[in-house]
Amino acid sequence: MRYEQFHQRSIDDPEGFWAEQAQAIDWHVPPRTILDDSDPVFRKWFVGGQTNLCHNAVDRHLAERADQLALVAISTETGITREISYRELHREVNAFAATLLELGVTRGDRVVIYMPNIAEAVFAMLACARIGAIHSVVFGGFASHNLAMRIDDARPALLIAADAGMRGGKVIPYMPLVAQALAEAEHPPAKVLVVNRGLDPAYVPVEGRDHDHAALRAAHLDADVSVTWLESNEPSYILYTSGTTGRPKGVQRDVGGYAVALALSMWAIYDVRPGQVMFSTSDVGWAVGHSYNVYGPLIAGATSILYEGLPTSPDAGIWWRICERYGVRTMFSSPTAVRVLKKHDAHWLQDADLSQLQYLFLAGEPLDEPTAQWIGDALSKTVIDNYWQTETGWPVLCLMPGLDMKPVKPGSPGLPAPGYRLRVIDEATGEDAAVGEKGVLVIQPPLPPGCMSTIWGNDERFVAGYFSHFREPLYSSLDWAIRDADGYAFILGRTDDVINVAGHRLGTREIEEAVATHGDVAEAAVVGIHDELKGQVPVVFVTLKPAAAAGSVETVGAALQQCVCDQLGAVARPAQVHVVGLLPKTRSGKLLRRSLQALAERRDPGDLSTLEDPAALEEVRRVLAGPVAA
Ligand code: AMP
């Protein structure tokens, strides 16, 4: 079928369209109503239907593909590769689910998972789904304060952690960070389930708190835990993402809608069918990891490859040898990873037999044309940009080679995915922007299946943050965009103070709050500036307290970088720190971050009519011209 017809039908007859798509998954009880949009913001899909993500990802495939590989977990850090069939996955997930039950976890309880990109993280997620517990995976690269904030918001019954992760050959102990986070949190869980990889010799179990995964697994290896059927709109998981306040938002996902949307995306967008192989280089801590390392490929009956390690270690050929070895059909990665590879010779990609590889999908940040061109030439494969957000859980803009491949337009992530009625709204007038005119990319409700249901425990923030920007209740993506005459969209960056570092979303406020914990700092402003490799990097401007120790200006830069790494993790490490006497603010006291960003990127600072004290800008210019504190 043609893309145009397919998409149009999803808009004109959403109930008919999604009722058909819903047949791709198993229902314990079929839905009574396909769409309840009596409240357009809190729409509900597949109402009354009962299903389960773990059943659809695992049990359902046992009849036909028990011996097929479900998951291949490769670590070039430890040198261990684990090949896990659907039968073995079923056994591991049952043992894990029995372990959760023994630890007292029940339906609706939250379970925070703080793990590296290893098979046990996948077992843990699926085990939660099996028993109706709500998982919240926290990216293993986040530090203790980030973990503590998420614990306090989710209030988990259990934390699952590994003793350590590894990066570039270096062991990163997790348990000291867990201990700090539990001490900082107001609502710490009483129990921690520890997957001890034997990487951190200093780890000593805490009596009464820590439970050993290996021992519990052995005790439950033959367990048979029945699936808990959930109403389609019950929460399946919470995934925190950054917004404009210092507090992360818990994106809440449903069960049935998510499964149906992923099932559709697997064949239509990623062109992966049962028995085929998908390799997503993401981490289970991110939205892509949830959807295309875990649930999507498994719901589709495909093989999913999970990778712990660097793209260039032991050498830049590693990913491509994995593609050759497992006959990967579709690969999914990020522009930053490609820019890292671009520093190496293209022969590393070409030495492998990539005859099975059909596509490289890239997402998470803008795909610049030189990067797309380089990888397209180096691989001689179709490179497809796709745009989505943690909130949506699957692509908003894409091309759909599994259905009807449309031409790639450089610089554009393509056309609306099925079910998305996209508009570009002129911020000033609230009207639709003309073709080629810049506006805010919005989704006309109802949001399609798979998109967030709400913000965990905070419906008000969901409405205020996403649906209150215009006269009509439209979902704002908080991204600027333009559309061309063929309907292709081009993304022009965020409308808010969120920055995108190597595809990871960071709130400038979170970094400012981390910096402000340093005793010498009076005030901080953080902006993202362009970076050749990572897309954007954080840059800090601070004023110091009058009582700051003499000599602080020299030492404060490194101290503030450390502060951010300790609290938030190395992903948020500021690239530069500048000490200024005054920060540019409006007369009403708002920080002029955009002007700061423009100056740091050596651009025109724009409209300064609201600036309170012009001396502040001069000061910033002067400091930027001088030596950097860090
Ligand atoms: P996250 O929720 O962390 O995946 O971040 C989502 C944000 O990343 C979007 O709102 C965009 O600002 C940006 N983004 C994701 N994919 C793309 C893409 N293909 N092109 C441009 N920006 C993107």
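Residues numbered from 1 in each chain as written. Predicted model: local features only at pLDDT ≥ 70, side-chain atom pairs only at ≥ 80, totals over all residues. Heavy atoms only, no water.

Participant: Explanation requested: the packing of aromatic side chains in the structure shown.
Facilitator: Note on aromatic pairs: each is described by the distance of the centres and the angle between the planes. One pass over the structure, following the stated rule, counts 30 aromatic pairs. Summarising the aromatic geometry, the rings of Phe 139 and Phe 142 are spaced 5.5 Å apart at their centres and angled 90° between planes, so their arrangement reads as edge-to-face. Of the residues examined, Phe 142 reaches a relative accessible area of 7% and is grouped as buried. Both rings, one in Phe 142 and one in Trp 286, keep their centres 5.8 Å apart while their planes meet at 80°; by these two values the pair is edge-to-face. Here the residue Phe 142 occupies a position in the loop between strand 7 (134-137) and helix 7 (144-154), and Trp 286 occupies one in the loop between strand 16 (277-280) and helix 11 (287-299), the gap between them amounting to 144 residues. Trp 286 shares its class with Phe 142; the two are buried. The rings of Phe 6, Phe 17, Trp 18, Trp 27, Trp 45, Phe 46, Trp 267, Trp 394 and Tyr 420 are connected pair by pair, giving a single aromatic cluster. The ring of Tyr 488 has Lys 409 sitting right over it, with the charged end atom 4.7 Å from the ring centre. (Phe/Tyr/Trp six-rings, centres within 6.5 Å; stacked < 30°, edge-to-face > 60°. Buried < 20%, exposed > 50% of the residue type's maximum accessible area, 1.4 Å probe, protein only. Helix = DSSP H or I, 4+ residues; strand = E, 2+ residues; numbered from the N terminus. Lys NZ or Arg CZ within 6 Å of the ring centre and 35° of its normal.)

Participant: Looking at this model, I keep getting lost on the environment of Asp 200. Mind explaining?
Facilitator: Secondary-structure assignment places Asp 200 in the loop between strand 11 (191-195) and strand 12 (210-212). The exposure class of Asp 200 is buried, given its relative accessible area of 11%. Asp 200 sits 69 residues away from Ile 131 along the chain, and the two C-alpha atoms are 31 Å apart.

Participant: What am I meant to see in the layout of surface pockets here?
Facilitator: The rolling of a water-molecule-sized probe over the atoms marks out the regions of remaining empty space. Estimates place the volume of the second largest pocket at around 380 Å³. Lining the second largest pocket are 15 residues; nearest its centre among them are Asp 497, Lys 590, Leu 591, Arg 593 and Arg 594. Top contributing element to the lining of the second largest pocket by residue count: helix 19 (residues 593-600), with three residues. Looking at side-chain class alone, the lining of the second largest pocket contains three nonpolar, five polar and seven charged residues. (1 Å grid on protein atoms, 1.4 Å probe; cavity = no way out; pocket = protein on both sides within 12 Å on 5 of 7 lines; lining within 4 Å. Points joined across faces, edges and corners; volume = space filled by probe spheres on them. Nonpolar A, V, L, I, M, F, W, Y, C, P; charged D, E, K, R; others polar.)

Participant: When you look at the site of the ligand in this model, what are you seeing that I'm missing?
Facilitator: Near the ligand, the surroundings consist of 14 residues, among which Asp 385, Thr 390, Asp 479, Arg 494 and Arg 505 are the closest. A distance of 2.6 Å separates an oxygen atom of the ligand from a polar atom in the side chain of Thr 390. Between the ligand and Asp 479 there is a distance of 2.5 Å, counted from an oxygen atom to a side-chain nitrogen or oxygen. About the coverage of the ligand: the protein hides 92% of its 500 Å² of free accessible area. Taken together, the residues of the shell around the ligand sort by class into four nonpolar, five polar and five charged. (Near = heavy atom within 4 Å. Polar contact = N/O pair within 3.5 Å; in protein donor to acceptor, adjacent residues only side chain to side chain. Areas by Shrake-Rupley, 256 points an atom, 1.4 Å probe, with all protein chains shown as cover.)

Participant: Even after reading the chapter, I still don't get the packing of helix 2 (residues 14-21) against helix 10 (residues 256-268), so can you show me in this structure?
Facilitator: Between helix 2 and helix 10, the least distance of the axes is 9 Å, while the angle of their chain directions is 80°. As far as their axial angle goes, helix 10 and helix 2 are roughly perpendicular. Within the contact between the two elements, helix 2 uses Phe 17, Trp 18 and Gln 21 and helix 10 uses Val 260, Ala 261, Leu 264 and Trp 267. When grouped by side-chain class, the residues that make up the contact of helix 2 with helix 10 number six nonpolar, one polar and no charged. (Axes fitted to C-alpha atoms, helices over the stretch in contact; angles between N-to-C directions. Parallel < 35°, antiparallel > 145°, perpendicular 65-115°, else oblique. Contact = heavy atoms within 4.5 Å.)

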